[in-house]
Each structure stands twice: as C-alpha cells, then as structure tokens.
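# Chains, contacts and geometry: an overview
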Amino acid sequence: MNLLNRFLWMLLLVLSSNNLRAADVQPGVSKVLAEERAKTVSDIHYALTFDIHATKDQPVRFTEIIRFTWSGQEDLQIDFQGTEDQLEKVIGVNGKGAKTVLMDEHVVIKKKLLREGENIIEINGTSGDKALNRSDDYLYTLFVPDHARSVFPCFDQPNLKAQFSVKLNLPEGWTSITNQTQKPLPTYLFSFVAGKFQTQKATRDGRELTALYRETDPAKVAQLNTVFDQVALSLRWMEQYTNIRYPFDQFGFVVLPGYQFGGMEHPGCIQFTDQRIFLGPQPTPDEELNRLNLIAHETSHMWFGDLVTMRWFDDVWTKEVFANFLADKIAREQFPNINHDLAFLRAHYPAALSTDRTEGTHPIQQPLENLNQASLLYGNIIYHKAPIMMQQLEMTLGVDALRKGLQNYLRKFAYSNATWDDLIAELDNAAPGHGVAAFSEAWVKEKGLPTISYEQQKNGGIIIRQSDPYHRHLTWRQGFEMGVVSEDLRQPEGYRTDDIDLYLVADSVSIPPVGAATASKRQPLVIPNLNGKGYGRFTVDDNTLLFLGFTCQTEHDPVRRQAALMTIYENYLMGNTTTQWLFGTLLTYLAQEEQPLVAASVCNYLARALADISDDQRDFAEYSLMNLARQHSLPSVRQQLLRLLGGVARSRSIVDDLYKIWNAKSESLLNDRDYTAMSYHLALMRPLEWQQILTTQRNRLKTDDERREFDYVSRACNPDEQVQQQLFNDLLKAENRRVEPWARRMLALLNDPTREPLSNRYLAPGLNALEDVQRTGDIFFPDDWLSGLLSGHRSDEAKSTVRTWISTHPTLSPALMNKLKDNAYWLLRK
C-alpha cells in the first residue's frame, strides 16, 4: 500500500461511523486488541490446506476457511504478518466476495460484512517462510509466541482457542504429522511437520506412541525405546498427580536436527532437538538426566499450558514453572538412585542466580503490551527461578495442599485459559491462612533476590538478616537450613555442626546460642545455607569461606558440598576472594570428588574461573586441567574437562595434545559432536592447517544434515580477516540466520577470545542489529545472539564499546536492555 492510499484508508476509517478506529490498527497483536477480540469472538474452527513442494524455493500455498461466532460492534482484525502480494485480492465473507484489505499486519473485515452469530471467512494465499523452518527435504512449523500469523491469517492470541482440521498436499516420499484435534488449542500450539522422515511406533500402557526422526545411526535410533519408556512414565505420573487422564487424542513427537529449542509442547506432535534425545555412546549422568527432564517437561505441558493455557503471554511463565517443577518430580521415579535434592539444586539455582544477580534481572511475571515482544519474556528467571519459588511455595503450603490446589485449578479451567492470580485463588482455597498472596508479591511480581548475612552476638547467638538490594523493603519468605560449627574436641574432626531449620518471614531472625557453641571459647562459624535451599546471595567472612573450601573436601552429604560450592562462588563474584584461590580450591576439590553431579558442578565453576584467570597463570591452569582429564576416576569428569579444553585451550602444548587426540580419534569418551566442536577450535588455534583440519573432519561426518551444519558453521574458522568480516555482515541479514543454532555458533567463533581485539569491531553493529534479531528470530535467539556476540570478549576496548552503546540507547525496550545487561555481566562486572 503506497503512502497516499494508506493515508486515504486511515482517513476513511476515522470518518466512518461505527468503524474501527485507525489508532487501533497497529503491527503485532496488542493486548488491547486481544482483550477486545476475546469479548466478541468465540467458537473458532480453522479448516486449512497447505500445498508443499519438494524444493524450498517454491512457496507454500494455503487455503483457509475460518468459522467463528461474532458479537462485535467494530470492524474485525484477523492477524496476518505478510504482504498484500501474499493474499488473493478477494476473500470470501459469509458467501460474498470482498476486497482484501491488509493493514499493519491485519486483514480488516468491515463490520457491514459480518453478522451476529456464526461467520465464515475464506482466504487463499502464500505462507511466509518465517515459521515454516524449511530445509531441503523437510519443514516444521514453530508458532510460539505469535508466528502462526506469518503462515495463515488467524486470531493469534492464546485465549482464542480453536479446533483445527488440516490437509497437507505433500511431495512423493514425504511423511507428516500434525495435531489437528477436536480439542481446542491456541494458535501457538498448532503445528505440522512434513518431509523425509523415518517413523517408529510403540505401544506403552495401551497407548500408541509415534516418533518421526532423521537420524541414521542404528545405535542412536535404538535409544528411541528408552525415549518411549520415559514418555510413558511421564504420562503415567502426570495422570496420577493431576487425577486427569491425558487430555488429547494422540501422542507423537519429532526429533529434529538443528532445532532451535530443547523442545516444544505441541500436543500430539511434540518437537525435540536431536542433540538432547540421541546421546553419544558414553553419555554423562547429566546428559541422561537432562534427556528425561526434557521429555518430562514437554509431557507436563500437556496439562500445564495445553489443557489450561495462560490468558495472555505475561503469564507464560506459569506453564514453564510447572513443566520444570513437575519434571523434577518425575525424574525421581525414573532415576531413584540419583540424589534429586542435589539434582534440583544444580538444575535451577546456578542458572537463576546467573541472571538474578545482574542488572538485567526482572520479575518472574513481566508486563507485555504486544505479542511481538513476547520472546523477551523467556530466560533463566521463568525457567529456573520460578521452580525455586514453587519449591518454597510447596514448603509453605504443604505437598498435599499444593497438589489439591493444582488439581482444582486444572479441572476448573480445563480447555480454557487462566491467570496466575486465578491459580493463587485456588491455592488460597486449598490452604487458607498461609499468606499466598504476600508470598507471590515478593517472589513473582518483583525483581531481584535478597542479600542474606549474619551477625554473631557476644553470647553466642546469631542474627540472620535479609536485605533488599533495591531498597523496597521486600521480604522473601523462604526456608533453609543453617549450620553452626563449633569447636568440639570430642569429635574426630575436632568440631561439630549443629543444624538449624530456619523460615524467614521478616527482615531478620534471632537465634539463641546452639549446642557446643555455648561452651566453646572460640566464636563459632556460621554456614548460612547448609542445604542450599535458601535463595539469595549469602555473604560470609574469610574464616567461613576457608572452612567452606575445606567442607567441599570433607563433607559426606553431596547436597551440602554443592551448597558450599554455590556460596563460595557467589562470594567470589562479590569480590570476597581471588580467582587464583577459587581455581586452586576447586581444582584440589575436584581431584577427590567422586559424586558425578557435584563433580560436574565443579567443572562448570572451573570453566568460569579459567575464563577469568590471568594470562601468566593460564598455561599452568590448562596443564592442571589436562592432567585431571587424563587421571580422574570418573569418566564423566574426564569427558567434561576434555570438552572444556577442546573449546578454549590456548597453551601450545595442550593444543598439541588435543590435536593428537582429535587426529587419531583416540578418546572414546568423546562423541562425533565433540570432535566436530574440537575441530573448529583447532582450526582457530592452528591457522596454517585450518583447511586440512576442517576437510578431515567433514569427511568423518555421516549424514547430509551434519554436513549442512558443518559447511555453514566452519566458514567462521577461516583466518582471512576479510572473510570473517563478510561472514559477520551476512549474519546481520535475517535470511542468513534462519537456522539459529548454527548462526549462534558462527557468531561465537567470529568473536572467539583468541580473535580480540580484531573482533571488537563486531560489537557495535552486532548490538545495532539486536532489535531486528528480536523481531525476526524465535524466542531464545536474542539471548543466543548476545551470548555469541559478547561471551568471547574481555578487553577494556570491548567494555568501553558496550558501556557506550548502553548509555546511548536509552529508548531500547526495557526487556531487550535487560537481555543485554544480563549477557554483558561477565564483560562489565567490576
């Protein structure tokens, strides 16, 4: 529409009585529009036909019939994110032809063409590729949060659920799966997948399960039996916990290469990334647990998110919190020998703290005015802080009361929509008098975390204080254990630890002298978060910090060792100890740790310490890690350290050792993906051999999907600076970053630490592209883009560039600025 026609159209809207106000027509799906449509549109049914061709150069065509009940007083907007050329010039409205009017991403239907009651709209056109995720011989749709409207016109909001019937006209040899159902779904949960896939079916508990996949390695395909078992376990557990049978007609899933999420909960055709479903020949305990957690997470969504859906995406976290919280419970049944208190601690606390300690933190529940900004709601806070909040809420209400409240909530809002406040009301009914609303105010509706400190009294008593870093006088109600360590020569260790159960409901709590502390001449040590369940930044003095380092090596309980690690690390970040002390303490501890999950945490913390270590100590640090990678008793530790060094080593001798391992493929603990990742790093570190290294690795790859990814990513290993600049320039164009995991990997290689200061030239233009990345990408890509762009930088020049960019862009969306400040934490921290 040219400017003159646009002006005339807007003028006509303003002047016409009983018509839609021009100011109401805006890109995206605004909250105002969604609320108005929810009052006037209901009983929606989409009948869709898609014509899909064998080559992705040929567009996908759609024909659509929308039936719905309408009771409005203004023109109707149907969402479509495309151009006029994509739609036929005439649409059908209740059996009559009408000129297609597309304005600011909406097909506008004049009020005079509509009737109160049932209406039928017929629209034909061409789908955009944005959400079709097309490859050479397959495609999959991914519509969350508001991308369905890029493929077909629809009411693209979560509280206008609809029935879907779908026909796919496919090339010969293609297969498909879709979730057309008579059960109502929001548009973001509708999906179809089509292409050259293998199919496997299994029956568990009398229910047929279907898997589509492209993997050709027989050993990996054989893992589908485990996947089917874990799906069945998750379904059984959820049915028992909720007392509601699986709420949809079929259960299928698709395992996809290059998938941009871990998974997506489309009922009937869940999507999974192949990297977390098909594991290597020697997976770590973490990898096996993570696979089950992913499967259980997406299965839990069938109840929380699919059966009951949030009314608006500001409550998107409500579906994610229960998916994670209940997945952790499901894992207890599948892996009874794993310490699940430890697994929960590891899975959620470090990730939640990694955002909540930064200037980019935000409340669990965030405001949202338009769905085109919904991708900015996702991140560590909703995926990891929210389950911690739920654990504390369960402690407050009791296990049975929480379960009863959730069952009532699911029954009351089944196949409909609800808000967090609706859930709070059900929980309050299930457990009156527990202050659920006040609990929610601090944990859910405000940002940040408390700083928790202690003060020792002369009489041996202790005062525990929590303070709000933003000076709002908030209190985070929470329970955890505190330890008081006192001299006691009767004990073999020469000391004893008294455990104290705390529940903080105020800014401070006083604790009288405890146990041996009343008789000891020495002041006791206070371990403020003994079991790790407390959430916040626990500050300790130097003596306690040294004792925690000792505790990591002597404490029998792995949960307490993990909690000690977390406290040590947070105090390091607060400037209470040095990188050298942290690295040495962790290295000494790792050498004797035999619990795989705790050892994995130590490896993660060592990786961060290695990134901070000074250049003059770097070679020795890498040598020490390689020594452990050769000698540690746990295969998972040897594997994790080899993976770490294979991506970051700079010492010439260590790089040479890694080259020998890679060249001979001599380390059975490493899988094909590990060797590919190592080849990228080796190509950077040995620029005279980069082509030979990459050619050798490419010849090892077994599938076309692997080779396509390798051919895209490996170009970033070229040592030619002009080539690197051109690759970066290409990434600034949306069409060149459609496979987002590949684009993120290439961006990270271009910004590898070894390429500073040259790579600093990418920072400003990479940040300038941030809004376009958010607008054109999927929900996790803004974070991925910023991580790839920033994580390899440490120089003063880079810090100055990013600080200047932040200060000169005050109008950037607050949510997007939070993403930037979160990802820039390691670069900008003092």
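Here is a short report on the structure shown in this document. The structure displayed is predicted, hence computed values, not measured ones.

Our next topic: unusual backbone geometry. Cis rather than trans, the peptide bond between Val144 and Pro145 has omega equal to 0 degrees. The residue Pro145 is located in the loop between strand 9 (138–140) and strand 10 (162–169) in this model. Along the chain, Glu756 connects to Pro757 via a cis peptide bond; the corresponding omega equals 5 degrees. Here Pro757 shows up in the loop between helix 24 (740–750) and helix 25 (763–768). We note that Asp104 has phi near 50 degrees; this positive angle belongs to a residue other than glycine. On the secondary structure map, Asp104 appears in the loop between strand 6 (102–103) and strand 7 (106–109). A positive phi is found at Lys665, a non-glycine position, where the angle reads about 45 degrees. Mapping Lys665 onto the fold places it in the loop between helix 19 (652–664) and helix 20 (672–685).

Right, let's talk about the state of the cysteines for a bit. Enumeration over the complete set of coordinates arrives at 0 disulfides. Cys269 forms no disulfide, and the closest cysteine sulfur to it belongs to Cys154, at a distance of 16 Å.

With that settled, the discussion passes to the side chain of Asn370. Here Asn370 lies in the loop between helix 8 (340–356) and helix 9 (380–397). Among the residues examined, Asn370 registers a relative accessible area of 9% and is labelled buried. Here Asn370 is in contact with Gln26, Pro27, Gly28, Val29, Ser30 and Trp312, once residues within four sequence places are set aside.

Let's shift gears to the sheet that holds strand 24 (residues 495–504). Read across the open sheet, the 3 strands follow the order 24-23-26; overall the sheet is antiparallel. Taken across any chain shown, the strands that pair with only one partner, and hence form the sheet edges, are strand 24 and strand 26 (525–527). Along the sheet, successive strands turn relative to each other by an average axial angle of 25 degrees, direction set aside. Where strand 23 (residues 478–487) lies against strand 26, 3 bridges are found, and the strand directions are antiparallel. Following the sheet pairing, Val485 is matched in strand 26 by Leu525.

Along any regular strand, the residues point their side chains to alternate faces of the sheet. One ladder, built from 9 bridges, connects strand 1 (residues 41–51) with strand 2 (residues 61–70); its direction is antiparallel. Its bridge partner lying in strand 2, Val41 is registered against Trp70.

Conventions and cut-offs
- Residues numbered from 1 in each chain as written.
- Predicted model: local features only at pLDDT ≥ 70, side-chain atom pairs only at ≥ 80, totals over all residues.
- Heavy atoms only, no water.
- Helix = DSSP H or I, 4+ residues; strand = E, 2+ residues; numbered from the N terminus.
- Disulfide = S-S within 2.5 Å.
- Buried < 20%, exposed > 50% of the residue type's maximum accessible area, 1.4 Å probe, protein only.
- Contact = heavy atoms within 4.5 Å.
- Pairing = 2+ DSSP bridges.
- Axes fitted to C-alpha atoms, helices over the stretch in contact; angles between N-to-C directions.

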